[in-house]
Amino acid sequence: MRVAIYPGSFDPITFGHVDVLRRSLGVFDRVVVAVLVNPKKAPMLDVDARVASIISGVGEALPDLADRVDVRPFSGLTVDACRELGARYIVRGLRAVSDFEAELQMAHMNHRLAPGIDTVFFMTALEYGYLSSSLVREIVRFGGDPAGMVPPSVAARVAAVAAAEVAPVRVR
Ligand code: PNS
């Protein structure tokens with residue numbers, strides 16, 4: 001069985017991530033979405049909320065494929081998570097050339113740390129090339145609507161979290 005890990009922050013998962021996941025399931029039998037717990041970062045969604053929103057979002061967006069997807073939190077090195085999960089492949093998405101340099105560096109470093117593990121890249125659909133989790137966070141924090149950028153249950157969750165944060169100062 002071909003198992004891959006798709007690591008990331010997923011704060012929150014976007015339709016760009018979902019698109020990469022869908023493409024990866026055309027190649028791998030099972031894909032583990034591995035959600036990074038990074039003590040140095042203060043995410044908008046805590047790790048439990050990110051895991052829950054990936055499960056619900058994938059269920060909504062990819063109902064026929066969701067049974068081949070696992071979602072797990074992880075901390076530490078991605079290659080160690082790969083070894084623990086029995087995955088020989090790391091899935092990453094590329095939106096534009098600007099993603100390439102950092103991804104190339106990470107792929108080479110991961111391969112140096114674990115020569116038996118390869119990174120496989122999927123191009124995100126053009127329509128999601130502009131989309132990022134950080135822009136989604138910014139949009140909801142300023143009261144914008146993230147519909148069409150993230151699955152519906154994820155939109156509701158980030159909107160609720162943003163509403164509970166300090167209200168933005170509006171220009172009068
Ligand atoms: O969604 P992101 O934030 O671009 O994902 C980055 C991620 C989680 C893939 C990367 O930061 C990572 O792999 N972190 C785990 C620590 C690690 O393995 N570092 C060495 C990578 S070369």
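Whatever comes next refers back to the structure up there.
Computed from a predicted structure; not experimentally measured.

### A few points about the overall build of the chain
Regarding its fold elements, the chain presents six helices and five strands. For the chain, the sequential pattern of α-helices and β-strands runs β-α-β-α-β-α-β-α-β-α-α. Against the compact-globule benchmark of 16 Å for 172 residues, the chain has a radius of gyration of 16 Å, which places it among compact chains. With the C-alpha coordinates of the chain rotated into their principal frame, the extents come out at 60 × 35 × 30 Å. Every one of the 172 residues in the chain was classed for burial, and the buried ones make up 42%.

### Considerations on the side chain of Ser133
Within the element layout of this structure, Ser133 appears in helix H5 (residues 133–141). Here Ser133 falls in the buried class, since its relative accessible area comes to 13%. With residues near it in sequence (within four places) discarded, Ser133 still touches Asp11, Pro12, Thr14 and His17.

### Some thoughts on helix H1 (residues 15–24)
Residues three or four positions apart in an α-helix share a direction because the helix packs 3.6 residues into each turn. Burial analysis of H1 places eight of its 10 residues in the buried class, which makes it a mostly covered element. Buried within H1 are the following residues: Phe15, Gly16, His17, Val18, Asp19, Val20, Leu21 and Ser24.

### As for the layout of surface pockets
Picture a little ball the size of a water molecule; that probe, rolled over the atoms, points out where space is still empty. Approximately 1100 Å³ is the volume found for the largest pocket. As for the largest pocket, its lining consists of 45 residues, of which Gly8, Ser9, Arg92, Glu103 and Met106 are closest to the centre. Mapped by element, the contributors of at least two residues to the lining of the largest pocket are strand E1 (3–8), H1, helix H3 (78–85), strand E4 (89–94), helix H4 (97–113), strand E5 (118–123) and H5. A per-element tally of the lining of the largest pocket places H4 first, with nine residues.

### Brief notes about the pattern of salt bridges
For the structure shown, the criterion picks out eight salt bridges. With a shortest N-O distance of 3.0 Å, Asp19 and Arg23 are connected by a salt bridge. Of this pair, Asp19 and Arg23 are both found in helix H1, four residues apart, which corresponds to roughly one turn of the helix. For Arg23, a relative accessible area of 31% translates into the label partly exposed. In this structure, Asp99 engages Arg95 in a salt bridge whose closest nitrogen and oxygen atoms are separated by 3.0 Å. Its relative accessible area of 15% is what places Asp99 among the buried residues. Among the ionic contacts, a cluster of salt bridges with common partners joins Asp19, Arg22 and Arg23.

### Quick notes on the packing of aromatic side chains
The final tally for this structure, using the stated rule, is three aromatic pairs. Aromatic pair Tyr6 and Phe10: ring centres 5.2 Å apart, planes at 90 degrees, arrangement edge-to-face. Relative to Tyr89, the ring of Phe28 has its centre 5.2 Å away and its plane inclined at 40 degrees; by these criteria the two rings are tilted. Placement of the pair is Phe28 in the loop between H1 and strand E2 (30–36) and Tyr89 in strand E4, with a sequence separation of 61 residues. On the basis of relative accessible area, Tyr89 is assigned to the buried category, the value being 16%.

Cut-offs applied
- Residues numbered from 1 in each chain as written.
- Predicted model: local features only at pLDDT ≥ 70, side-chain atom pairs only at ≥ 80, totals over all residues.
- Heavy atoms only, no water.
- Helix = DSSP H or I, 4+ residues; strand = E, 2+ residues; numbered from the N terminus.
- Rg over C-alpha atoms; globule rule 2.2 N^0.38 Å.
- Buried < 20%, exposed > 50% of the residue type's maximum accessible area, 1.4 Å probe, protein only.
- Contact = heavy atoms within 4.5 Å.
- 1 Å grid on protein atoms, 1.4 Å probe; cavity = no way out; pocket = protein on both sides within 12 Å on 5 of 7 lines; lining within 4 Å.
- Points joined across faces, edges and corners; volume = space filled by probe spheres on them.
- Salt bridge = Lys/Arg side-chain N within 4 Å of Asp/Glu carboxyl O.
- Phe/Tyr/Trp six-rings, centres within 6.5 Å; stacked < 30°, edge-to-face > 60°.

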